[in-house]
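Listed here are the chains, written in short residue letters.
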Amino acid sequence: MTDHEAATELTAGDVTARYVEAAGERRLDFEREGRTASIAQNADGYAMLKVRTGPEGDELERYYGFDMALDHAAELLGVGVNDLPVPDPAADMGM
C-alpha cells in the first residue's frame, strides 16, 4: 500500500472485501476462492460504477446503481449478493 492509498477490509464467510481509495478512484475489491471482482468509481463519486475482473482487470460492465454492480460482482464470485460484505466507506458508491 502506498502513502496515497487507504484501505478498509471486511470478511464475511469466505468472501473478503477491500475498499481502497487510490489512483483517482474509489474501488471495492472482492476475493473468494481465488476469484476476484472489483467495483470502481472515480474519486469524486459521481460517475458510473465499473465492474472489473479484479483491481487491474478488464472492465465488464458499467452501472448507475450500486445494487446492480454488487449483483454482478456476486455472480462473478458465485455467491449471493447478500454474501458480499460491504465496508462502511463503500456504502455510498453509485449515483
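Coordinates for the structure precede this section.
Residues numbered from 1 in each chain as written. Predicted model: local features only at pLDDT ≥ 70, side-chain atom pairs only at ≥ 80, totals over all residues. Heavy atoms only, no water.

Caption draft 1: Up close: the environment of Ile 39. By secondary structure assignment, the location of Ile 39 is in strand β4 (residues 35-42). With relative accessibility at 0%, the residue Ile 39 sits in the buried group. Spatially, the C-alpha atoms of Ile 39 and Ala 23 are 14 Å apart, while their sequence positions differ by 16 residues. In this structure, Ile 39 is in contact with Arg 26, Arg 27, Leu 28, Phe 30, Leu 49, Lys 50, Val 51, Phe 66, Ala 69, Leu 70, Ala 73 and Met 93, ignoring residues within four places of it in sequence. (Helix = DSSP H or I, 4+ residues; strand = E, 2+ residues; numbered from the N terminus. Buried < 20%, exposed > 50% of the residue type's maximum accessible area, 1.4 Å probe, protein only. Contact = heavy atoms within 4.5 Å.)

Caption draft 2: Region of the structure containing the pattern of salt bridges. Counted according to the given criterion, the structure contains seven salt bridges. Linking Arg 32 and Asp 14 is a salt bridge whose minimum nitrogen-to-oxygen distance equals 3.1 Å. With Arg 32 in strand β3 (residues 25-32) and Asp 14 in the loop between β1 (6-12) and β2 (15-22), this pair connects stretches of sequence that are 18 residues apart. For Arg 27, the salt bridge identified is with Glu 25, shortest N-O distance 3.6 Å. (Salt bridge = Lys/Arg side-chain N within 4 Å of Asp/Glu carboxyl O.)

Caption draft 3: How the structure looks around the environment of Ala 69. Assignment of secondary structure puts Ala 69 in helix α1 (residues 66-77). According to the relative accessible area criterion, Ala 69 is buried, its value standing at 0%. Note: C-alpha distance between Ala 69 and Gly 80 (eleven residues apart in sequence) is 13 Å. Non-local contacts of Ala 69, meaning those with residues more than four positions away in its chain, are made with Ile 39, Leu 49, Val 51 and Tyr 63.

Caption draft 4: Looking closely at the pairing of strand β5 (residues 49-52). Direction of pairing for β4 relative to β5: antiparallel, over a ladder of three bridges. Note on β5: the bridge partner recorded for Ser 38 is Arg 52. Joining the antiparallel neighbours β4 and β5 is a turn of six residues, in which Gly 45 adopts a positive phi near 80 degrees. Bridge count for β5 against strand β6 (residues 59-63) is four bridges, and the pairing is antiparallel. Bridge pairing in β6 links Val 51 to Glu 61. From the end of β5 to the start of β6, which pair antiparallel, there are six residues. (Pairing = 2+ DSSP bridges.)

Caption draft 5: Representation of the pairing of β3 in the model. For β3, a buried count of seven out of eight residues is recorded, marking the element as mostly surrounded by other parts of the structure. Sheet topology note: the β2/β3 ladder contains seven bridges and is antiparallel. Opposite Ala 22, over in β3, you have Glu 25 as the bridge partner. Where β2 folds back onto β3 in an antiparallel hairpin, the turn is made up of two residues, including Ala 23, whose phi is positive at roughly 50 degrees. Taking the residues that link successive antiparallel strands as the turn, the β3-β4 hairpin has two residues, and the phi of Glu 33 there is positive, at about 50 degrees.

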